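Results of the structural survey
Okay, here's what each chain looks like letter by letter:
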Amino acid sequence: MEREDFRAWAPQRVDLLAVRGETISFNVEFVESVVELESAAFSCKKDYADSEPVFRKTLSDGISRVDTNLYCVRIAPEDTDIEAGRYVYDLFVGANDDNFAILTGDLLVRDSADERR
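Residues numbered from 1 in each chain as written. Predicted model: local features only at pLDDT ≥ 70, side-chain atom pairs only at ≥ 80, totals over all residues. Heavy atoms only, no water.

1. A closer look at the environment of Val-66
Mapped onto the secondary structure, Val-66 falls in strand E6 (residues 63-67). Spatially, the C-alpha atoms of Val-66 and Asn-27 are 8.7 Å apart, while their sequence positions differ by 39 residues. (Helix = DSSP H or I, 4+ residues; strand = E, 2+ residues; numbered from the N terminus.)

Set out below in structure tokens:
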């Protein structure tokens, strides 16, 4: 396996920024071929070594198919209403009996300047 082949399957690193108590949403598009996911999970933890996630989104709760190869990940306000700081996350997808981490990174949660929160 050549180095370029490996990088093609390595997860993309994307850091996300959230304001406490606000919604985050982003789309994931698959461009190679028609993909109907069998599973998907966005898990957020304080540290990768933690046994339980701070929150988790799945196909039945927060991840939805928008179009043929387009999925939306929606992280609700109650999920981001957590202590400000740095968290880690990854997004795994499953299709055709395979599972892949496609995104990984930091979720940076900051306090809001709005006093109504």
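Here the narrative resumes, following the displayed structure.
2. Quick look at the packing of aromatic side chains
This structure, assessed with the given rule, holds four aromatic pairs. Ring centres of Phe-42 and Phe-55 lie 6.1 Å apart, and the angle between their planes is 15°; on these two criteria the pair is classed as stacked. On the criterion of sequence distance, the pair formed by Phe-42 in strand E4 (residues 39-45) and Phe-55 in strand E5 (residues 55-58) is long-range, its members being 13 residues apart. As far as the burial class goes, Phe-42 and Phe-55 line up, both buried. On the basis of an interplanar angle of 15° and a centroid distance of 4.8 Å, the ring pair of Phe-42 and Tyr-89 is categorised as stacked. Note that Phe-42 is positioned in strand E4 and Tyr-89 in strand E8 (residues 85-95), a separation of 47 residues in sequence. Per residue, the accessibility class of Phe-42 equals that of Tyr-89, and both read buried. An aromatic cluster of three or more residues is present, and its members are Phe-26, Phe-42, Phe-55 and Tyr-89. Positioned over the ring face of Tyr-87 is Lys-46, at 4.4 Å from the centre of the ring. (Phe/Tyr/Trp six-rings, centres within 6.5 Å; stacked < 30°, edge-to-face > 60°. Buried < 20%, exposed > 50% of the residue type's maximum accessible area, 1.4 Å probe, protein only. Lys NZ or Arg CZ within 6 Å of the ring centre and 35° of its normal.)

3. Structural notes on the nonpolar core
Most often, soluble globular proteins have nonpolar side chains that are buried together. Phe-42 and Leu-107 are the most contacted members of the largest nonpolar core, which totals 26 residues. Among the elements of the structure, strand E2 (16-19), strand E3 (24-29), E4, strand E7 (70-75), E8 and strand E9 (98-110) are those that each provide at least two residues to this core. No other element matches E8, which puts five residues into this core. Those residues in contact with Leu-107 that lie beyond four places of it in its chain are Leu-16, Ala-18, Ile-24, Cys-44, Phe-55, Gly-85, Arg-86, Tyr-87 and Tyr-89. (Core = buried A, V, L, I, M, F, W, Y, C linked by side-chain atoms within 4.5 Å. Contact = heavy atoms within 4.5 Å.)

4. Overview of the sheet that holds E7
With antiparallel pairing, three strands are arranged side by side in an open sheet as E3-E7-E6. Each end of this open sheet is capped by a strand with a single partner; those strands are E3 and E6. Taking each pair of neighbouring strands and ignoring which way they run, the sheet shows an average axis angle of 30°. Of the pairings in the sheet, the one linking E6 to E7 comprises four bridges and is antiparallel in character. Within E7, the residue paired with Ile-63 across the bridge is Val-73. (Pairing = 2+ DSSP bridges. Axes fitted to C-alpha atoms, helices over the stretch in contact; angles between N-to-C directions.)

5. Overview of empty space enclosed by the protein
Evaluation of the coordinates by the stated rule reveals one cavity of 30 Å³ or more. There is about 40 Å³ of room inside the largest cavity. Forming the walls of the largest cavity are Val-28, Phe-30, Leu-37, Ala-40, Ile-63, Tyr-71, Val-73, Leu-91, Val-93 and Ile-102. Of all elements in the fold, only E7 and E8 reach the threshold of two or more residues within the lining of the largest cavity. Looking at the lining of the largest cavity residue by residue, the classes come out as 10 nonpolar, no polar and no charged. (1 Å grid on protein atoms, 1.4 Å probe; cavity = no way out; pocket = protein on both sides within 12 Å on 5 of 7 lines; lining within 4 Å. Points joined across faces, edges and corners; volume = space filled by probe spheres on them. Nonpolar A, V, L, I, M, F, W, Y, C, P; charged D, E, K, R; others polar.)

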